[in-house]
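# Close look at the chain arrangement
Residue-level listing of the chains:
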Amino acid sequence: MEHIEISPNDVVAMDAIAQGVFGLRITFVNVFGVVNANGTWTLIDAGIPGSASAIRTWAQKQFGRPPAAIVLTHGHFDHVGAARNLADQWRVPVYARPLEFPYLTGRESYPPPNPGAGGGLMALLSPIYPKDPIDLGTHLRPLDAGTHQNMPELDGWQVLHTPGHTPGHVSLYRASDETLLVGDAFCTTKAESFFEAALVQQPELQGPPAYFTSDWDAALATVRKLAGLSPRTVAPGHGKPLAGADVAARLRDLAAHFEEVAVPENRKG
Ligand SMILES: [Zn+2]
């Protein structure tokens, strides 16, 4: 998995998503950096395998130093690809919900994807889909749900348990400016569009990446819960960040039409 070539054209910085929130899209997945009150910053997610040097270059340019920690929304390969490499080099802890630990310690693989979810994404991803789960070794630390006054690496952010896409999936919410980093709880691009037109397409709220989502009832409950926060800015793992007065209404609309918009035909009912 170490030999994937990522072209500079596939790496796009996303600046000023919200106060102190920066993003980097590498091929079809985003990572984020959030600046903490004490001047450190925290990396949220770690891209596909092979992303380490792109993330390091961006980190140096954007923040001038390594992060204080890496926080994972969940353990899918396209969110943890560079985590081991970066944690080794930077010597920083990697936080995730304990429910994701089996998939981050090399013990278990996620349930097989749903190839019937459509979009041909399976075929597109198969060359980079790792056979074995990642092992983050001694870098891994448990991330509790709730607020983290005692954790400067997530100062001002609430960790929300948002299962459905995976069992231990988390989203991060900052109440002071209603900013929500959602991981794969939902997307702002269709899975079919992950590889095409990622730059030009208009952001549109979509469900979680369908062929990797394991529990659709929980995924709906999660979207309802996130809609209930009435966020002003949402930044997903896939697709562009979205901000504005209508974001909350659009999210409620996604929750209301979840079955038709998000749930694949072979998982309905
Ligand atoms: Zn995922």
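Keep in mind it's a predicted model, so treat the numbers as computed, not measured.

## Details of the pairing of strand β11 (residues 179–183)
- For β11, the buried fraction is high: five of the five residues fall into the buried class.
- Strand direction decides the pairing type here: strand β10 (residues 170–174) and β11, joined by three bridges, are antiparallel. Looking across to β11, one finds that arginine 174 is bridged to threonine 179.
- Where β10 hands over to β11, the hairpin turn is made up of four residues, of which glutamate 178 adopts a positive phi near 55°.

## Comments concerning unusual backbone geometry
- We note that threonine 27 has phi near 50°; this positive angle belongs to a residue other than glycine.
- Take threonine 27: it is sitting in the loop between β2 (21–26) and β3 (29–35).

## Examining helix α7 (residues 247–256)
- Residues Val247, Leu251, Leu254 and Ala255 constitute the buried set of α7. Down the axis of α7, the buried set is contained in an arc of 100°. They therefore lie on one face.
- Contact partners of the buried residues in α7: α6 (216–227), β12 (233–236), β13 (242–243) and α8 (258–261).

## Re the sheet that holds β2
- Within the open sheet, the seven strands sit side by side as β1-β2-β3-β4-β5-β6-β7. Their pairing is mixed. Every other strand in the sheet has two partners, leaving β1 (11–18) and β7 (140–142) as the edge strands with one partner each. On average, each strand axis in the sheet is tilted by 25° relative to the strand beside it, whichever way the strands run.
- In terms of strand pairing, β2 meets β3 through six bridges, oriented antiparallel. Looking at β3, one finds that glycine 23 is bridged to phenylalanine 32.

## Re α6
- Along its twelve residues, α6 runs 16 Å from first to last C-alpha, staying within 8% of the 16 Å computed at 1.5 Å per residue.
- Considering only its buried residues, α6 is in contact with β10, β11, α7 and α8.

## Things to note about the pairing of strand β9 (residues 158–161)
- The pairing of strand β8 (residues 146–147) with β9 spans two bridges and is classified as antiparallel. Bridge pairing in β9 places threonine 147 opposite glutamine 158.
- Two strands pair when backbone bridges link them, and β9 and β10 are joined in this way by four bridges, in the antiparallel orientation. By the bridge assignment for β10, histidine 161 is matched with valine 170.

Calculation notes
Residues numbered from 1 in each chain as written. Predicted model: local features only at pLDDT ≥ 70, side-chain atom pairs only at ≥ 80, totals over all residues. Buried ≥ 20, exposed ≤ 12 C-beta atoms within 10 Å, placed from the backbone. Helix = DSSP H or I, 4+ residues; strand = E, 2+ residues; numbered from the N terminus. Pairing = 2+ DSSP bridges. Arc of directions from axis to C-beta. Contact = placed C-beta atoms within 7 Å. Axes fitted to C-alpha atoms, helices over the stretch in contact; angles between N-to-C directions. Expected span 1.5 Å × (residues − 1).

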